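# Working through the structure, step by step
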Amino acid sequence: REKEIADFSAERNQLQSESDDARKQSEGRVRLEQLLRSSKKKIANNLVERDQLRSRITVLKKEVEQSIINSEKILRLREKEIADFSAERNQLQSESDDARKQSEGRVRLEQLLRSSKKKIANNLVERDQLRSRITVLKKEVEQSIINSEKILRLREKEIAD
């Protein structure tokens, strides 16, 4: 009778141990399923964010390209104005020389010449500022693209992990 009790007790302990193992496996499976669902959500969110970043990069590139085109148009207009003012200055210089020879209209022509020189100087300054602005814009865009691509690679690495 004692042997049966001991066998029964050993069997009960074995069954209890197996039951505990099964419960732990079940809890582990539930936790793994929760982690899997969480990972899938994170991956989906990262994919959405990656696509948004790619769209933003595309928009930024287009905006910068348009800004550069516009700045270059302004630069060409300023250069044309400078050329026009230079031609006008040369014409005025010629007229000034003639006027000086004739001693007529000398003061007015010199005023026009000074005014033209000031306009040319201002336009040269503005042209240089526009060129600097284009250079800065290009560098900012390049840096923005580099940063966005770094973020994108990090997101893709997170998705891959």
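Residues numbered from 1 in each chain as written. Predicted model: local features only at pLDDT ≥ 70, side-chain atom pairs only at ≥ 80, totals over all residues. Heavy atoms only, no water.

## Description of the overall build of the chain
When you go through the chain residue by residue, the secondary structure sums to two helices and zero strands. Over its C-alpha trace the chain gives a radius of gyration of 40 Å, far above what one expects of a compact globule, namely 15 Å for 161 residues. If one aligns the C-alpha atoms of the chain with their principal axes, the spans along those axes are about 145 × 20 × 15 Å. Evaluated residue by residue, the chain yields a buried proportion of 17% over its 161 residues. By element, 51% of the accessible surface of the chain is carried by carbon and sulfur atoms, the whole surface being about 12600 Å². With 38 positive and 31 negative side-chain charges, the chain shows a separation of 5 Å between the mean positions of the two kinds. (Helix = DSSP H or I, 4+ residues; strand = E, 2+ residues; numbered from the N terminus. Rg over C-alpha atoms; globule rule 2.2 N^0.38 Å. Buried < 20%, exposed > 50% of the residue type's maximum accessible area, 1.4 Å probe, protein only. Areas by Shrake-Rupley, 256 points an atom, 1.4 Å probe, with all protein chains shown as cover. Lys, Arg positive; Asp, Glu negative; His and termini not counted. Charge placed at Lys NZ, Arg CZ, Asp CG, Glu CD.)

## Concerning the pattern of salt bridges
As enumerated under the stated definition, the model contains 13 salt bridges in all. As a salt-bridge pair, D20 and R23 come within 3.6 Å of each other at their nearest N and O atoms. Pair noted here: D20 and R23 are both in helix α1 (residues 2-102), with a separation of three residues, about one helical turn. Assessed through its relative accessible area of 24%, D20 is described here as partly exposed. Taking relative accessible area as the criterion, R23 reaches 43% and is therefore assigned partly exposed. Here R78 makes a salt bridge to E81, at a shortest N to O gap of 3.5 Å. Taken together, the residues R78 and E81, both in helix α1 and three residues apart, mark about one turn of the helix. According to the relative accessible area criterion, E81 is partly exposed, its value standing at 31%. (Salt bridge = Lys/Arg side-chain N within 4 Å of Asp/Glu carboxyl O.)

## With respect to the side chain of S116
Mapped onto the fold, S116 is located in helix α2 (residues 106-160). Not counting chain neighbours up to four residues away, the residues in contact with S116 comprise E88, R89 and L92. (Contact = heavy atoms within 4.5 Å.)

## Notes on the environment of R54
By secondary structure assignment, the location of R54 is in helix α1. Judged by its relative accessible area of 37%, R54 is partly exposed. Each C-alpha atom, one on R54 and one on L152, is 7.7 Å from the other, the two residues being 98 residues apart in sequence. Excluding residues that lie within four positions of it along the chain, R54 makes contacts with L152 and E156.

## A look at the side chain of N46
Inspection of the secondary structure assignment puts N46 in helix α1. Judged by relative accessible area, N46 falls into the buried class, the value being 12%. In this view, N46 contacts R155, E158 and I159; residues no more than four positions away in its chain are not counted.

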